[in-house]
Amino acid sequence: MLDSTVNAQMQQTLDSLNAALQADDAQAASALFATDSYWRDLVAVTWNLKTVEGPSGVQDMLTAQLKHTKPRDFAVQDGEIPDEDGGVITAWITFETAVGRGWGLMRLKDGRIWTLLTALQELKGFEENRGNRRPMGAEHGAAKNRKSWKEMREAEAAELGYAKQPYTVIVGGGQGGIALGARLRQLGVPTIVLDKHDRPGDQWRSRYKSLCLHDPIWYDHLPYIKFPDNWPVFTPKDKVGDWLEMYTKVMEINYWTRSEVQSAQYDEDTGTWTIKVNRDGEEVTLRPTQLVLATGMSGKPNMPEFPGMDSFKGTIQHSSQHDGPDAWSGKKVVVVGSNNSAHDICAALWEADADVTMVQRSSTHIVRSDTLMEIGLGALYSEEAVASGMTTEKADMVFASLPYRIMHEFQIPLYDQMRERDAAFYAGLEKAGFDLDWGDDGSGLFMKYLRRGSGYYIDVGASQLIIDGEVKLVKGQLERFDQTGVVLSDGTHLDADLVVMATGYGSMNGWAADLISQDVADKVGKVWGLGSDTTKDPGPWEGEQRNMWKPTQQENLWFHGGNLHQSRHYSLYLALQLKARMEGIDTPVYGLQQVHHLS
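What counts and how
Residues numbered from 1 in each chain as written. Predicted model: local features only at pLDDT ≥ 70, side-chain atom pairs only at ≥ 80, totals over all residues. Heavy atoms only, no water. Helix = DSSP H or I, 4+ residues; strand = E, 2+ residues; numbered from the N terminus. Rg over C-alpha atoms; globule rule 2.2 N^0.38 Å. Buried < 20%, exposed > 50% of the residue type's maximum accessible area, 1.4 Å probe, protein only. Phe/Tyr/Trp six-rings, centres within 6.5 Å; stacked < 30°, edge-to-face > 60°. Lys NZ or Arg CZ within 6 Å of the ring centre and 35° of its normal. Pairing = 2+ DSSP bridges. Contact = heavy atoms within 4.5 Å. Axes fitted to C-alpha atoms, helices over the stretch in contact; angles between N-to-C directions. Polar contact = N/O pair within 3.5 Å; in protein donor to acceptor, adjacent residues only side chain to side chain. Core = buried A, V, L, I, M, F, W, Y, C linked by side-chain atoms within 4.5 Å. 1 Å grid on protein atoms, 1.4 Å probe; cavity = no way out; pocket = protein on both sides within 12 Å on 5 of 7 lines; lining within 4 Å. Points joined across faces, edges and corners; volume = space filled by probe spheres on them. Nonpolar A, V, L, I, M, F, W, Y, C, P; charged D, E, K, R; others polar. Patch = residues over 30% accessible without salt bridge, like charges linked within 9 Å, V, L, I, M, F, W, Y side chains within 5 Å. Areas by Shrake-Rupley, 256 points an atom, 1.4 Å probe, with all protein chains shown as cover. Salt bridge = Lys/Arg side-chain N within 4 Å of Asp/Glu carboxyl O. Lys, Arg positive; Asp, Glu negative; His and termini not counted. Charge placed at Lys NZ, Arg CZ, Asp CG, Glu CD.

Novice: Any chance you could explain the overall build of the protein chain here in plain terms?
Specialist: Scanning the protein chain from terminus to terminus reveals 18 helices and 25 strands. The C-alpha atoms of the protein chain give a radius of gyration of 25 Å, which matches the 25 Å a tight globule of 599 residues would have. Taking the principal axes of its C-alpha atoms as reference, the protein chain extends roughly 75 × 70 × 50 Å. Here the protein chain holds 599 residues, and 55% of them are scored as buried.

Novice: In this structure, what is going on with the packing of aromatic side chains? I would like to understand it.
Specialist: The geometry of two aromatic rings is summed up by the distance between their centres and the angle between their planes. Inspection of every chain in the model, using the stated rule, returns 20 aromatic pairs. Consider the rings of F227 and W243, whose centres lie 4.8 Å apart with planes at 40 degrees: the pair is tilted. A residue pair is termed long-range when its members are at least 10 positions apart, and F227 in the loop between helix 6 (202-205) and helix 7 (237-250) and W243 in helix 7 qualify at 16 residues. Here F227 matches W243 in class, with each residue buried. Within the aromatic cluster, the residues linked to one another by ring pairs are F399, F446, Y449, W528, W549, Y570 and Y573. It is K109 that lies over the ring of W114; its NZ or CZ is 3.8 Å from the centre. The positively charged end of R368 is found above the aromatic ring belonging to F425, 5.8 Å away from the centroid.

Novice: How should I be thinking about unusual backbone geometry in this particular structure?
Specialist: Peptide bonds are trans in most cases, and residues, glycine excluded, mostly fall at negative phi. Looking along the chain, the bond that leaves G539 and enters P540 is cis, with omega of 5 degrees. In this structure, P540 sits in the loop between helix 17 (518-524) and strand 25 (557-559). The backbone of D110 sits at a positive phi, close to 55 degrees, despite the residue not being glycine. Tracing the sequence through the fold places D110 in the loop between strand 6 (100-109) and strand 7 (112-123). Residue D110 is classed as exposed on the basis of its relative accessible area, which comes to 74%.

Novice: Help me understand the sheet that holds strand 9 (residues 191-194), please; the structure alone is not making it clear to me.
Specialist: The pairing of strands in a sheet comes from backbone hydrogen bonds and takes either a parallel or an antiparallel form. If you walk across this open sheet you meet the 5 strands as 10-9-8-14-25, and the pairing is parallel. Looking at the sheet topology across the chains shown, the edges are occupied by strand 10 (255-256) and strand 25. Of the strand pairs in this sheet, strand 8 (residues 168-171) and strand 14 (residues 290-293) are connected by 4 bridges, and their pairing is parallel. Residue pairing in the sheet places I170 in a bridge with V292 of strand 14. Across the face of the sheet, helix 5 (residues 175-186) comes into contact with strand 8, strand 9, strand 10 and strand 14 while running at roughly 165 degrees to strand 8.

Novice: Just to check I follow, could you spell out the environment of S320 for this structure?
Specialist: Following the sequence through the fold, S320 ends up in the loop between strand 15 (315-318) and strand 16 (332-336). Spatially, the C-alpha atom of S320 lies 39 Å from that of G389, the residues being 69 residues apart in sequence. Ignoring any residue separated from it by four or fewer positions in sequence, one finds S320 in contact with R207, P301 and Y505. Among the polar contacts made by the side chain of S320, one reaches the side chain of H318 at a distance of 2.9 Å.

Novice: I keep staring at the nonpolar core and nothing clicks. Help me out?
Specialist: In a soluble, globular protein the nonpolar side chains are often hidden away together inside. Membership of the largest hydrophobic core comes to 157 residues, with the highest contact counts inside it found for L62, L291 and V335. The leading source of residues in this core is helix 18 (residues 564-582), at 9 residues. Beyond its immediate sequence surroundings of up to four residues, L291 is in contact with V169, V171, A264, W273, I275, I516, N556, L557 and W558. Grouped together as the second largest cluster of nonpolar side chains are 15 residues, V474, L478, V486 and V499 included.

Novice: Teacher, can you tell me more about the pairing of strand 5 (residues 88-96) here?
Specialist: Pairing between strand 3 (residues 72-76) and strand 5: 3 bridges, direction antiparallel. Across the sheet, residue A75 finds its bridge partner in strand 5, namely T94. Of the strand pairs in this sheet, strand 4 (residues 83-85) and strand 5 are connected by 3 bridges, and their pairing is antiparallel. Each bridged residue has a counterpart across the sheet, and for E84 the counterpart in strand 5 is I89. Linking strand 4 to strand 5, which pair antiparallel, is a turn of 2 residues; within it G86 sits at a positive phi near 60 degrees. In this sheet, strand 6 lies alongside strand 5 in antiparallel orientation, the contact comprising 9 bridges. Directly across from W92, in strand 6, lies its bridge partner L105. Between the end of strand 5 and the start of strand 6, which pair antiparallel, lie 3 residues.

Novice: Any chance you could explain empty space enclosed by the protein here in plain terms?
Specialist: A water-sized probe, rolled over the atoms, reveals where empty space remains. On inspection of all chains with the given rule, the structure shows 3 cavities of 30 Å³ or more. Here the largest cavity defines a volume of roughly 80 Å³. Considering the residues around the largest cavity, the lining is formed by 13 residues, among which F399, A400, Y404, H565 and Y570 are closest to the centre. The set of elements that each furnish at least two residues to the lining of the largest cavity consists of helix 11 (392-400), helix 12 (404-421), helix 14 (445-452) and helix 18. Broken down by element, the residue count for the lining of the largest cavity peaks at 4 residues, all from helix 18. Its boundaries defined by the atoms lining it, the second largest cavity holds a volume of some 60 Å³. Around the second largest cavity, the lining residues are G439, D440, M447, K448, R451, R452, T534 and T535. Broken down by class, the residue content of the lining of the second largest cavity amounts to 1 nonpolar, 3 polar and 4 charged.

Novice: Would you mind showing me how to read a negative patch on the surface here?
Specialist: On the surface, D267, E268, D269 and E555 cluster together into a negatively charged patch. Within the secondary structure, D267 sits in strand 11 (residues 259-267). For D267, a relative accessible area of 33% puts it in the partly exposed group.

Novice: Can you help me understand helix 11 in this one?
Specialist: In an α-helix, one full turn covers 3.6 residues, which means residues spaced three or four apart are oriented alike. In terms of burial, helix 11 is largely enclosed, as 7 of its 9 residues are buried. Taken together, the buried positions of helix 11 are occupied by T392, K394, A395, D396, M397, F399 and A400.

Novice: Any chance you could explain the sheet that holds strand 23 (residues 493-495) here in plain terms?
Specialist: Strand order in the open sheet made by the 3 strands is 21-22-23, with antiparallel pairing throughout. At either margin of the open sheet sits one strand with a lone partner, and together these are strand 21 (478-481) and strand 23. Across the sheet, the mean angle from the axis of one strand to that of its neighbour is 25 degrees, orientation sign disregarded.

Novice: Explain the pattern of salt bridges here, please?
Specialist: Here the idea is simple: oppositely charged side chains can pair when their charged atoms come close. Taken as a whole, this structure holds 33 salt bridges when the rule is applied. Of the charged contacts, one joins E53 and R405 as a salt bridge, the two residues approaching to 3.1 Å between their closest N and O atoms. One end of the pair, E53, is in strand 2 (residues 49-53); the other, R405, is in helix 12, and 352 residues separate them in sequence. Since its relative accessible area comes to 35%, R405 is described here as partly exposed. The shortest N-O distance in the salt bridge between D396 and R568 comes to 2.8 Å. One end of the pair, D396, is in helix 11; the other, R568, is in helix 18, and 172 residues separate them in sequence. No difference in accessibility class separates D396 from R568, as the two residues are buried. One continuous salt-bridge network, built from bridges that share partners, spans R199, D202, R205, D242 and E245.

Set out below in structure tokens:
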């Protein structure tokens, strides 16, 4: 297909879409979409994170939202040229709404819109002060009694939360809370980030000493400040901690350490929260309008109870409590679980000369790290991708532009390649007795992550220890403890000085139950998952991550988190929603998520 034909077809579609939107004709706009089509909107049109499917879904959304948000002026992004591959025409686009500006990605198939991503990037009149709008910093000239930058920062830190109330409080100061705090700072939203640790980054420093990021560096940048070019591909956990501490300081985030929430209560009459905080032994009451729980995508540690735990003479730890192998050299250790944390802990214990046994309770998906980097992430997040002109922002948008409904169709061929490439590796694991899976539909790691947030391991060496028998493998269900170890349901007894329960985490709304009330946790419902009706992700289909980065059934309560990539990308859309509300911008939400599961 000639470039001119590709350009003309894309421009004709954009012109037709603009004409229909300008005429407030939802039906005409929806007629431009293919029968199997998807419009994924990130805050721009729906004031929500919402994917609608097919012409009827598009028409319903536009009928509800056109008069409010007024999307218009869709155009090919300056400097970009539509391209065609396999009969699909793709173009980077820009657009405006009544109150904002955005960009996105449009794909045409057989002359109609197949996928459309629209993502709000800024609010008119409330743009971030960067680029040509960056602050001067220095005030040239002379003035009596003026305050220095340091004095103004000290005054702000002393006042916020005491003489002046924050608009937003973020509970949890890991990468999610820090990324969102930075976004809100740039948008001028008074915010306090609360964290119980002594220093920013301690969430990482306190974990087992061998922990490293399993995602490569190109996938893990934070907003505004990217890792330097000499940063390691896989960041050790203490280095992550130091980066987060540095980032918190240079981004001027109001970050309260040694601060734990005692209770939170919402007043429907005033539209504000009352939050009791123990700040390093001092009780402080905060009264923000918005409350964000950034307490980790995985939620509360899942620590199951078994008969005999009280009689066990050894030590029992959840994987989140395990600080490393040093105290267990020469000891017998049983690790219950077979996902990422279990493998990492087993490998570190083996290196420290512990006698390690892994108890596999259910099948696990494993993919080798270098294979995942090359086949799974290389096109978007790699040195080669950077060299080809792929920016982090573009990579995030390409990834976001694939609707969750069909994402597995793109993932399955990739994991088929991985299975073929590493056939000998998988044969070795199966020979060792390890129970493997590739997800319910063969779509592999990332769909497992999106659907359930568990059930996988990115292999960085532990699998070979299992293949070689250096880490012993036992399959079965834990039934009870006795004084000297654990007993499985088939009667197998495993002696242990330490039992590490790598048993995962519950839904994030468990934190809402603890900090606010069980009623609010139930009102919000389960956090995470797509409704794919696969293992640990019950239907019905919801099409977006449950309750993440978007309005919930509890007014002024939000959830934020995920991996570093998601914390970076989705923090923008949550920050824009909060800023709009602070400024009194009308934010009619389309498709507020219904609650189908409590946890």
